[in-house]
Amino acid sequence: NREVENLRNAGFEVWATNPDGLVFDLLFGVNKAPLDNKLVRQAIALMINRDRFHRIVMDGIGEARCLPWPEYSIAYDAELNERCEFNPEKAKALLEEAGYPDGFDLEIITSSQQSTENVKFSEMLQNDLKQIGVNLTIRDMDSAGATSVYRAKDYPLYTHTFGRANKDPASLFGTATVWKPVGNTQNYDNPEYLRLTQEAASTLDKDKRRELYRQINELILDEVFIVARHTNPRWIAHSKDWEGIDASVDGDIYLFGMKPAS
C-alpha cells in the first residue's frame, strides 16, 4: 500500500479489498537452531503484536488472524482463534525453559519489493524481541533473492503470504506449499500432522471433519512452524470517471459492472 496516498493525491479512486484467503504469515525454519526447539518458536510467536500491526501498519483494514481460516470455514474455531496473545513475560519464561535465558541472535528474511507491510512487521518484531533478549537482524532482499532463499528452504524466519484459506481446508493443506505436511519450505515433518490432514480430507462426515480440524489447529498453535498474522488486502486504483468496479472474495477485479460515473 506504499503508493496509496500518491495515487489518491493524483486524483484516483483508491480502495482496498480484503480477500479472506490471502494471509500474511511468518515461517520458521525448524531445522535451524535455535528454532529447532519448539519452546523457542512458541516464545517468538508470543512476541507478535497483531493488534498493533492491525492499527499502525494496516490502518485498521483487514483483520488479525491467529489461524488461517475465515469464520465461514469448517476449520474455523472461535475459541482457538483467540488463543494467540502478545505476552513478553510468558515468552521470556519459555526461553529460560528452552535454555536461552540470555536470548540469542536471529535473522529474518523479508523483501520491501514484495511487501512493505512485511518489512514494517519485521521492524516491529525486531523491537519487541529486544524485550526477551533476542537480537533480530532484518535482511531486506530484492524479490528474486528472497524467492531464491524461500525455494531453497534456507532461512531462520521468513515473512510471507499464503492463499487458499477461504477454500476447503483440504485445499490449503494440499496445495499451499507452506502448509503441506510433506515438502513444505520450513522443513517441518510430523507424521501426526500428515495423518490428521489426510484423514480430514478423506472423510465426508462434517462433525468428524470439524473435530479433526480442531486437532490440526491445536497442533499448528503448539508446533509453531508457521504463524498466521493478518489478512492481506489488495488495493485497487481507478479513474474517478468510472464506477461500478468491484472485487471477488479472492481480491480479483470485477469489471462487468463498470460504467462511466454519473
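Each residue is numbered by its place in its chain's sequence as written, counting from 1. With pLDDT at 70 or above as the cut-off, local features in this predicted model cover only qualifying residues; side-chain atom pairs require 80 or more to be listed or tallied, and sums for whole chains, interfaces and linings still use all residues. Hydrogens and waters are ignored; side-chain quantities use all the structure's heavy atoms.

Peer 1: Go over the state of the cysteines, please, and point to the residues and values.
Peer 2: Cysteine sulfur pairs qualify as disulfides if the two atoms are within 2.5 Å. In this structure the tally under the stated criterion is one disulfide. Note that C66 is cross-linked by a disulfide to C84, the S-S spacing being 1.9 Å. On the sign convention where negative is left-handed, the bridge of C66 and C84, at about 70° about the S-S bond, is right-handed. Of the two residues, C66 sits in the loop between α3 (50–57) and α4 (78–81) while C84 sits in the loop between α4 and α5 (88–98), which places them 18 residues apart along the sequence. Buried, partly exposed and exposed residues are distinguished by accessible area as a fraction of the type maximum, computed with a 1.4 Å probe on protein chains only: under 20%, between the cut-offs, and over 50%, respectively. Residue C84 is classed as partly exposed on the basis of its relative accessible area of 28%. Secondary structure counts use DSSP, requiring at least four H or I residues in a row for a helix and at least two E residues in a row for a strand, with both numbered from the N terminus.

Peer 1: Explain the pattern of salt bridges to me, using residue names and the numbers behind them.
Peer 2: Here the idea is simple: oppositely charged side chains can pair when their charged atoms come close. Whenever a carboxyl oxygen of Asp or Glu lies within 4 Å of a side-chain nitrogen of Lys or Arg, that contact is scored as a salt bridge. In this structure the tally under the stated criterion is 16 salt bridges. Residue E79 pairs with R214 through a salt bridge whose shortest N-O separation is 3.5 Å. Of the two residues, E79 sits in helix α4 while R214 sits in helix α10 (residues 206–223), which places them 135 residues apart along the sequence. A residue is classified by how much of its surface remains accessible, and E79, at 55% relative accessible area, is exposed. Each of D77, E79, R83, R214 and E218 takes part in one network of salt bridges that share partners.

Peer 1: Please give an account of the pairing of strand β2 (residues 23–28) that cites residues and values.
Peer 2: The buried fraction of β2 amounts to six of the six residues, a majority that puts the element mostly inside the structure. Burial along β2 is two-sided: V23, D25 and L27 and F24, L26 and F28, pointing in opposite directions, are all buried. Strand pairing follows a simple DSSP-based rule, namely that at least 2 bridges must link the two strands. Across six bridges, the pairing between β2 and strand β5 (residues 157–162) is antiparallel. Bridge pairing in β5 links D25 to H160.

Peer 1: Kindly report on the sheet that holds β2, identifying the contributing residues and their values.
Peer 2: To summarise the sheet geometry, strands pair through backbone hydrogen bonds and adopt either a parallel or an antiparallel arrangement. Taking strand neighbours across the sheet as the criterion, the five strands line up as β4-β3-β5-β2-β6 in an open arrangement whose pairing is mixed. Two strands close off the open sheet at either side, each with one partner strand: β4 (134–140) and β6 (226–231). On average, each strand axis in the sheet is tilted by 25° relative to the strand beside it, whichever way the strands run. Across seven bridges, the pairing between strand β3 (residues 104–110) and β4 is parallel. Throughout, an axis means a line fitted to C-alpha atoms (over the contacting stretch in the case of helices), and angles, computed between N-to-C directions, take values from 0 to 180 degrees.

Peer 1: Give a detailed account of helix α6 (residues 116–129), specifying residues and quantitative values.
Peer 2: A helix is expected to span 1.5 Å multiplied by its residue count minus one. An ideal rise of 1.5 Å per residue puts 20 Å on 14 residues; α6 measures up with 20 Å between its terminal C-alpha atoms. With 10 of 14 residues buried, α6 is to be regarded as a mostly interior element. Within the sequence span of α6, burial applies to T116, E117, N118, V119, F121, S122, M124, L125, D128 and L129.

Peer 1: Tell me about the nonpolar core, and name the residues and values.
Peer 2: Among buried residues, those of type Ala, Val, Leu, Ile, Met, Phe, Trp, Tyr and Cys that are joined through side-chain atoms within 4.5 Å constitute a nonpolar core. L26, F28, L125, F162 and W179 are the most contacted members of the largest nonpolar core, which totals 67 residues. No other element matches the six residues that α10 contributes to this core. F162 has contacts with G21, L22, V23, D25, P68, L172, V178, W179, I226 and A228, leaving out every residue within four places of it along the chain. Contact between two residues is taken to exist if any of their heavy atoms lie within 4.5 Å; hydrogens are not considered.

Peer 1: How would you explain the packing of aromatic side chains if you had to name every residue and give the values?
Peer 2: Centre distance within 6.5 Å is the pairing criterion for rings of Phe, Tyr and Trp, where only the six-membered ring of Trp is used; planes under 30 degrees apart are then read as stacked, over 60 as edge-to-face, and the remainder as tilted. A complete count under the given rule lists 15 aromatic pairs for this structure. Both rings, one in F162 and one in W179, keep their centres 5.5 Å apart while their planes meet at 85°; by these two values the pair is edge-to-face. Here W179 lies in the loop between α8 (169–175) and α9 (191–202) and F162 lies in strand β5, a separation of 17 residues in the sequence. Judged by its relative accessible area of 2%, F162 falls in the buried class. Given the relative accessible area of 0%, W179 is considered buried. Pairwise contacts between aromatic rings join W69, F162, F173, W179, Y188, Y193, Y213 and F225 into one cluster. Directly above the aromatic system of F53 lies the positively charged group of R229, at a separation of 5.7 Å from the ring centroid. The ring of F121 is capped by R229, whose NZ or CZ atom sits 3.8 Å from the centre of that ring. Look at NZ for Lys and CZ for Arg. If either is within 6 Å of the ring centre and within 35 degrees of the ring normal, a charge sits over the ring.

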